[in-house]
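Residue-level structure breakdown
So the chains spell out like this:
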Amino acid sequence: MKGNNNNEEEREAKPSMKEIFGICDHRRSVAASLVQGVYILERDRQQQRIGHKALAPIWWDFFHFQCIQILVDQVDSSIFGAIFEYKHHNPKSFHPMESQSIPPKYAIAFRGTITKPDTRKRDFYLDSQLPLNRLPRSSRYQTSFQAIETIITRVDHRTVWLTGHSLGAAIALQAGKDMAKRGCYLETYLFNPPYISAPLEKLDNHYLQSGARIATSVVKAGLSFALNGAGTNKIYNTQQHDPFTIIGSWIPYLFVNPNDPICCEYIGYFEHREKMQGWGIGGIGKMATKNSVVGLVSGAIGRDDEALHLIPSAYVTKNMIVREQDLKLAHGIHQWWEPHPYWQSKLYQL
């Protein structure tokens, strides 16, 4: 998604928000389709569909990509990711309406949880590691990050995409943050990324929802001040060494659905911070959005377990479809590869 995603520094004029989201609309379809291709790669493996029987290639062939490497989990041998290379004689045809939209050289995509017997045990285990901020310790993440590092050594990092859905979005998000700390802002597309917190966005009472967020923000800010004041995590006491501030210029594209309890709290996460700035207490809002209770407690006991889901900036797109949706529909990748009039997009920056 974006580091800074559309190569703004190379353009003669800074694009408007309308232009950014117009370009993003086509790229979103491509990114979502590549992720779906990874899902089908694993289903092809499970059902032993090979050669002309394989169904996955149609998801990237249409966009002129070639799968050059699959990423395999060391524990259960499942396919969880893939690296795609863009192949086309005319790169400008990548987006017929935007001549300035340059396609990526490589796209690295990660699938989410598959509940089939061959994969669910491993996938559910990794899901359980998200609240504990331990995904970076897993072999799946290590394999992912090594693959990304290898690609970055070949080409300009501005020509590389990261994309993922659900658990795969968590992997892409963590990798994007880790690369941003090195000054490599990768264009990143995150579909329904897990937000590790109570989904306050699902509360029907607006005042109760707002009150709960204010209380949570005050508690986090107070706990952070108390721990830092006691000398904990002193390395983070300056803006220069604050990892949250360091990645502030990385702006991933975030796609969320208010009906999805797994990711919907990202909506309140950014909107509430903006409201607190308007109320004149933006400092508390920023302190709250850069810390989680688990992360603060981990720091207090000497562990450096940074909260995966917290990010300072994002282009947020909400699927505001009016009808009721069950979890499968609200959390599915399928909702993101075709445009419809229910989407609302906004840029949030630290």
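Preceding this paragraph is the structure being described.
Quick look at the structure, then.

Criteria and thresholds
Residues numbered from 1 in each chain as written. Predicted model: local features only at pLDDT ≥ 70, side-chain atom pairs only at ≥ 80, totals over all residues. Heavy atoms only, no water. Helix = DSSP H or I, 4+ residues; strand = E, 2+ residues; numbered from the N terminus. Expected span 1.5 Å × (residues − 1). Buried < 20%, exposed > 50% of the residue type's maximum accessible area, 1.4 Å probe, protein only. Core = buried A, V, L, I, M, F, W, Y, C linked by side-chain atoms within 4.5 Å. Pairing = 2+ DSSP bridges. Axes fitted to C-alpha atoms, helices over the stretch in contact; angles between N-to-C directions. Contact = heavy atoms within 4.5 Å. Salt bridge = Lys/Arg side-chain N within 4 Å of Asp/Glu carboxyl O.

Considerations on helix 5 (residues 167-180)
- Counted at 1.5 Å a residue, the expected span for helix 5 with its 14 residues is 20 Å, and the 20 Å between its end C-alpha atoms agrees.
- With 14 of its 14 residues buried, helix 5 lies for the most part within the structure.

So, the nonpolar core
- Core analysis: the largest hydrophobic core is formed by 47 residues, its most contacted members being I108, I148, L254, Y266 and F270.
- It is helix 5 that provides the largest number of residues to this core, a total of nine residues.

A short note on the sheet that holds strand 3 (residues 106-110)
- Reading across the sheet, the eight strands line up as 1-2-3-4-5-6-7-8 and stay open at both edges, with mixed pairing between neighbours. Each edge of the open sheet carries a strand with a single partner, namely strand 1 (65-72) and strand 8 (343-348). For this sheet the average axis-to-axis angle between neighbouring strands, irrespective of direction, equals 15°.
- Along the sheet, helix 4 (residues 139-154) makes contact with strand 1, strand 2 (79-86), strand 3 and strand 4 (160-165), crossing strand 3 at roughly 175°.
- The strands touched by helix 5 within the sheet are strand 3, strand 4 and strand 5 (187-191), with strand 4 carrying the most contacts at an inclination of about 145°.

Some points on the pattern of salt bridges
- One pass over the full model with this rule turns up 14 salt bridges.
- A salt bridge links R140 to D73, with the nearest nitrogen and oxygen atoms 2.7 Å apart. Note that R140 is positioned in helix 4 and D73 in the loop between strand 1 and strand 2, a separation of 67 residues in sequence.
- Taking the relative accessible area as the measure of exposure, D73 reaches 1% and is therefore buried.
- A salt bridge links R140 to D123; the nearest nitrogen and oxygen atoms lie 3.0 Å apart. On the criterion of sequence distance, the pair formed by R140 in helix 4 and D123 in helix 3 (residues 120-129) is long-range, its members being 17 residues apart.

Quick look at unusual backbone geometry
- One non-glycine residue with positive phi stands out, namely H64, at about 65°.
- On the secondary structure map, H64 appears in the loop between helix 2 (58-61) and strand 1.
- Classification of H64 by relative accessible area gives partly exposed; the value is 35%.
- One non-glycine residue, S77, lies in positive phi territory at about 65°.
- Residue position: S77 is located in the loop between strand 1 and strand 2.
- Overall, the relative accessible area of 43% leaves S77 in the partly exposed class.

Bear in mind that shape data such as this cannot, by itself, settle questions of function.
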